[in-house]
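# Structural features, examined
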Amino acid sequence: MNSEKNHDINSTCNSTSTPKRRRLGTRRILSEVNNKNDLFANFIRPQSNYKGLPVPADCCDSPPLPCNQVEYLSDSGNNTSDDINCTSDITESCFGQEIETFTPLSHNEKNPQCLNILKDDVSDEMFSSKLEDEVCQNNLCNEAIVKKHFRDEITEGFEAINQSISIIKDIDNFFEAKDSFLLDIPDHFTQSESNGKSKNSEVLKEHFYQLPMIVKGLFKTYRSIEKLYDWQEECLNLDAIQKRNNLIYALPTSGGKTLVAEILMLREVINRKHNVLFILPFVAIVQEKIWSLSPFALQLNFLVEEYAAGKGHIPPKKRRAKNSIYIATIEKGLALVRSLIELDRLHEIGLIVVDELHLIGEEGRGATLESLLTIVKFANRDIQIVGMSATIGNLEEIAEFLEATVYQREFRPVELTEYVKIGDMLHKIVWGPAGMETVPERQLSYDYTSAASRLDPDLLGGLVAEVVPAAGCLLFCPTQHNAESVAMLLCKMQRKEMLSHRVAERAALARALAAEGAGSLAAAARCGLAYHHAGLSSDERSLLENAFRSGVISVLCCTSTLAAGVNLPARRVIVRAPRLGRAPLSLPAYRQMAGRAGRAGVSDAGESILICSEQEWSWVRGVVGGRMPGARSVLSGAVPALLLSGAALRLAPRRAALARMLHHTLLAVTHRDNIDLEECCDAGIRSLVRGGALEVRGGRGAAHDDTCHIDDDTELAVSKLGRAAIIGCMELGVAQQFLCDLEVAGRGVVLGGALHLLYLVAPHDPALRPDYRHYHNLYSKLGEEGVRVARALDITDKVAVKMMTGKPITDVPEHVLNRFYVAMMLYDLYHQMPFPEVADKYCVSRGAVQTALQAATAQSSCCARLCEALCEAEGAAGGVASGAGGGAMWAWRALLAELAPRLQHCATPQLQQFMELPNVRKARARQLLQAGYKRVEDLAKSSAEELVSRIDHLSRTAATHLISAARMMLIEKVENLRAEAEEVMDELKTS
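Residues numbered from 1 in each chain as written. Predicted model: local features only at pLDDT ≥ 70, side-chain atom pairs only at ≥ 80, totals over all residues. Heavy atoms only, no water.

### Here we look at the sheet that holds strand 11 (residues 473-476)
One key point about sheets: their strands pair by backbone hydrogen bonds, in either a parallel or an antiparallel sense. A sheet is described by the order of its strands in space; here 8 strands give the open sequence 10-9-8-17-14-11-13-12, paired in mixed fashion. Unpaired on one side and paired on the other, strand 10 (435-443) and strand 12 (529-532) mark the two borders of the sheet. Across this sheet, the average inter-strand angle for adjacent strands is 25°, counted without regard to direction. Here strand 12 runs beside strand 13 (residues 555-558); their pairing, made up of 4 bridges, is parallel. Its bridge partner being in strand 13, His532 is matched across the sheet by Cys558. Helix 19 (residues 480-493) rests against strand 11, strand 12 and strand 13 of the sheet, and its axis sits at about 175° to strand 12. (Pairing = 2+ DSSP bridges. Helix = DSSP H or I, 4+ residues; strand = E, 2+ residues; numbered from the N terminus. Axes fitted to C-alpha atoms, helices over the stretch in contact; angles between N-to-C directions. Contact = heavy atoms within 4.5 Å.)

Take a look at the structure:
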């Protein structure tokens, strides 16, 4: 028995969770009690009208501003735009109002003693214990003695914790509900279920839509919401909601759909004690939602976890004391669901909410979203699915796919008036019984000079000047280049009142943008204008979005991606042309752009103006007045991936079950008349067999041949490669290419630096297409390491000469050349070269640099998990295979596991720990380090006043959010430790 336990210690040393024997070193978490290290000494319970609820002076519908705001949002005392409604952070920073959330205790009020919960960084040494060494050295000791030692160690450690924590009197009040790591574990295990029920019933005697009344105060404080709209109340009281059936609800943009979803999610984590998965389309929206829900999580005692880009634990940490809301992109959501099914933990999720459900019909991501929902449905774990969208034309088909009730209303809290500008005449769009009609509204005439008329024939300057600077204006352009050109044009057309508005704050914004390398953007910002598109870095976009919300920037010239991304409502929206790039304008895109005009709490009206010519209006009229197109399935090309998931997760081990799974897809609904699902299933299985992902057992014929007969009873076994691809969240073709790259690299890998490893994780189909003459210049400047890696990839001087002379290159595949170009770019980022310098060096936009970095970070995590899965498969088989998946796989696993965290932020370890906090960029992390904050623990122990005094251009409210985020991170670490300790206690009680 003891030898088995020791083997278990060794076998779990590479897992994502802490090994069980190491979890027992609880006494090392404790440290001496002193005032100096008091994590909570600078805080007292905030004053509130509700239980423990701080009430800021100003509230708004928008989420609070991220903590990395720069000096243009600092207290300036400039109050020239009082009519603009802003968030509490923006109100404070722009109007000079202070909002106190935390008050420092006086010296006499401080407790004489307290607990330093996390004295040192969380590390392996911190959790190692003398017990671990004893077990490893005395593997033949009596089992009863070992168990008694475990129990004594745990009991002694937690008695010390409870004794120390007992002196902290205000912690429970600060968090409203007692934090789980402050509870006594033995009492927690013996607590009766009846006591919990009586407590819940007592809390819900007075409720806010079946939630504790504190939730009402939180919505009032952080969202300025005191009463729900009628449709929201009606939706929350639907039979489908009460019976936990699936639901799809559709309303126009800005109708308040997200609030209903948030209430449902809070019900799930607070009342039903289940986790929630919230699917959002973009990383930026995920981060915005993380920020806006964090105050709710702190007050209501649950966790909010980010699953986007390289963030998020796969599989998620298993916790019993607290539930979580996982906020994820579509791709990360699928990876999370697969990992839970693999561990038989899918039942931990009680609700899945999907925003922008119409994306299920979009090429690429649509197939991923459909696969996710199909797998959840087919797994049949009593999970409620709620979807919302503003632009779905085939709600009945989507509802049939999800087996959901449909709730649809045409409601906007702020009236939207639509116009179309044809020539110099503005026409109002009127909707009547006969459909859409246009009525002439007014002739546009502005005091343009002849030069201005030539520069601006579309009268954009006049249309913008009608609303700015008193309110905001979004100007949608068909291309990135056009957005930049229009912004520069409008800089020349602005009036004196616009140029004199918020001058000091605009100058500070311009300096911040110039520091990011955006010179032309900084010049436009001084005029109160900016352009916004995917070519900008995330830091630049974040600065501009915050400035637009606060009114420092009055006009944003942007592309259509902004309409589907971050929430930036404006008084007026102008659609520059009826085109999206080279494609004609579509009705969903038009509705999303126009819907940004007018938002409750921001403006009392909204206007959209579509600019087109007489010739264009002849076809645009049919688009604007037409019916919303349906979201049809795009799964047909991704059927093999879905079938592989079903087989690998043991949801459908035979052909008949896989066919049934296909009948649960949207493909079976929208293409029922033109696709034979049975044949589609067989074709997918044969494709997987040929690719080596599936093996046929019991079928007649060759296992790897198209002639293999497959019937309903044919058993399908997933190969090591197929299972590893699923665990690594990689497409089969990408996984096979990666293993081929490993095999080639294994014959001559260059480990003098990280360049060769970066090539291995570079995107397999990079969007960058380098200029070969410039490529030659970069190649000629490579150092010894770069030349060795290039030669290992067959990129030689002969190839370089062809680059310079423009001759066709046939010696090396184009994708290898492109990936090596991206690898060189990643290498400079890895060594902390600033983004603007990298963009200039490689002649690409800053946004393209960041996109490549995010893709490589995600790919490196996937590759590390794939190598881990192959190593485990080899260990389970009891032998070592040859080739890339053989004996060298453990080495690749070790190398790639260290690469992903370094790529995440491309910063030093000291900066990385701060950049793990929500919305903290490198500049803010560097400020914290220079101010003397060496660890996150130091930041958590700070007060808002101290932080504001030591960090330039940081508002008090942002400082409070930053401290709260740091404390939340530490609490999450302790929660992980407690969950692991509880697991060990359970095992000891049952053994």
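Once you've had a look at it, read on.
### Considerations on the sheet that holds strand 7 (residues 404-408)
One open sheet holds the 7 strands; their spatial order is 3-4-2-5-6-1-7, and the pairing between them is parallel. Either end of the sheet is taken by a strand with one partner, and the two such strands are strand 3 (303-307) and strand 7. Averaged over neighbouring strand pairs, the angle between their axes works out to 15° when direction is ignored. When strand 1 (residues 246-250) meets strand 7, the two strands line up parallel, connected through 5 bridges. In the strand pairing of strand 7, Ile248 is matched with Val406. The strands that helix 13 (residues 283-300) touches are strand 2 (275-279), strand 3 and strand 4 (324-328); relative to strand 3, the one it contacts most, it runs at about 170°.

### Here's the deal with the packing of aromatic side chains
In the structure shown here, the tally under the stated rule is 12 aromatic pairs. Geometrically, the ring pair formed by Phe208 and Tyr209 is edge-to-face, given 4.8 Å between the ring centres and 80° between the ring planes. On the basis of relative accessibility, which here comes to 7%, the residue Phe208 falls in the buried class. Between Tyr307 and Tyr326, the aromatic rings sit 5.6 Å apart at their centres with planes inclined by 85°, giving edge-to-face as the arrangement. Of this pair, Tyr307 sits in strand 3 while Tyr326 sits in strand 4, and the two are 19 residues apart along the sequence. Since its relative accessible area comes to 0%, Tyr307 is described here as buried. A network of ring pairs unites the aromatic residues Phe208, Tyr209, Phe219, Tyr222 and Phe296 as a single cluster. The aromatic ring of Tyr759 is capped on one face by Arg819, whose charged end is 4.4 Å from the ring centroid. Sitting over the face of the ring of Tyr933, Arg950 holds its NZ or CZ atom 4.4 Å from the ring centroid. (Phe/Tyr/Trp six-rings, centres within 6.5 Å; stacked < 30°, edge-to-face > 60°. Buried < 20%, exposed > 50% of the residue type's maximum accessible area, 1.4 Å probe, protein only. Lys NZ or Arg CZ within 6 Å of the ring centre and 35° of its normal.)

### Let's talk about the nonpolar core
Counting residues in each nonpolar core, the largest one holds 137 residues, and the members touching the most others are Leu373, Phe738, Ile795 and Phe820. Per-element tally for this core: the top contributor is helix 38 (residues 846-877), with 12 residues. Apart from residues lying up to four places away in sequence, Leu373 is in contact with Val354, Leu357, Ile360, Ile385, Phe401 and Leu402. Core analysis: the second largest hydrophobic core is formed by 76 residues, Val467, Val555, Val575 and Ala594 among them. (Core = buried A, V, L, I, M, F, W, Y, C linked by side-chain atoms within 4.5 Å.)

### Brief notes about the pairing of strand 1
With 5 of its 5 residues buried, strand 1 lies for the most part within the structure. Because side chains alternate across strand 1, one face comprises the buried residues Asn246, Ile248 and Ala250, and the other comprises Leu247 and Tyr249, equally buried. Here 4 bridges tie strand 1 to strand 6 (residues 384-389), and the two strands are oriented parallel to one another. Across the sheet, Leu247 pairs through a bridge with Val386, a residue of strand 6.

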